[in-house]
Amino acid sequence: QVQLVESGGGLVQAGGSLRLSCAASGRTFSRYATGWFRQAPGKEREFVASNTWNGGSTTYADSVKGRFTISRDNGKNTVYLQMNSLKLEDTAVYYCAARWGRSDYSPVAITEYNYWGQGTQVTVSS
């Protein structure tokens, strides 16, 4: 089992950058694929980015490709989401998720993840 805690959210102007962090408990973090999702007010939770247990493969939503980068440091039990060139439509609560398994597949569906963090708010202003 793993527990996830996100941090790094905040208020930023359009065009700015933020880096989110997700700290995981437990000694088996390297056995989990991880992902980031987001949920804007009045909208469903949507996929943002994911990577495999070793970060060797990544997947991004089309809306963030070229702007966001997911990475992880298994030695620190942490996964990151670097967000650049932020847009107003990036405003949302961002959630970290983990899925057990060492495969070359980086999951994209909400239902594929076993564990979730509580979320961190990102607000992009004009």
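This text gives an overview of the structure that appears in the document. (Residues numbered from 1 in each chain as written. Predicted model: local features only at pLDDT ≥ 70, side-chain atom pairs only at ≥ 80, totals over all residues. Heavy atoms only, no water.)

1. Some points on the pattern of salt bridges
Scanning the model with the defined rule gives four salt bridges in all. Here Glu 46 and Arg 38 are joined by a salt bridge, their closest N and O atoms 2.6 Å apart. Among the residues examined, Glu 46 registers a relative accessible area of 36% and is labelled partly exposed. When the shortest N-O distance is used, the salt bridge between Arg 67 and Asp 90 registers 2.7 Å. Taken together, the positions of Arg 67 in the loop between β6 (58-60) and β7 (68-73) and Asp 90 in the loop between β8 (78-83) and β9 (92-100) put the pair 23 residues apart, joining distant regions of the chain. Each member of the pair, Arg 67 as well as Asp 90, carries the same accessibility label: buried. Residues joined by salt bridges that share partners form a network here, namely Arg 38, Glu 46, Arg 67 and Asp 90. (Salt bridge = Lys/Arg side-chain N within 4 Å of Asp/Glu carboxyl O. Buried < 20%, exposed > 50% of the residue type's maximum accessible area, 1.4 Å probe, protein only. Helix = DSSP H or I, 4+ residues; strand = E, 2+ residues; numbered from the N terminus.)

2. Observations regarding the side chain of Asp 90
When its relative accessible area of 1% is taken as the criterion, Asp 90 is described as buried. Ignoring any residue separated from it by four or fewer positions in sequence, one finds Asp 90 in contact with Arg 38, Arg 67, Phe 68, Ser 85, Val 122 and Val 124. (Contact = heavy atoms within 4.5 Å.)

3. Thoughts on the pairing of β8
With five of its six residues buried, β8 lies for the most part within the structure. Note that strand β3 (residues 18-24) and β8 share six bridges and pair antiparallel. Across the sheet, Leu 18 pairs through a bridge with Met 83, a residue of β8. Here β7 runs beside β8; their pairing, made up of six bridges, is antiparallel. Paired with Asp 73 across the bridge in β8 is Thr 78. (Pairing = 2+ DSSP bridges.)

4. Observations concerning the state of the cysteines
By definition, a disulfide links the sulfur atoms of two cysteine residues through a covalent bond. Counted according to the given criterion, the structure contains one disulfide. The disulfide bridge from Cys 22 ends at Cys 96, spanning 2.1 Å between sulfur atoms. For the disulfide bridge between Cys 22 and Cys 96, the dihedral angle about the S-S bond is near -80°, and by the sign convention the bridge is left-handed. Taken together, the residues span a long stretch of sequence, with Cys 22 in strand β3 and Cys 96 in strand β9 at a distance of 74 residues. (Disulfide = S-S within 2.5 Å.)

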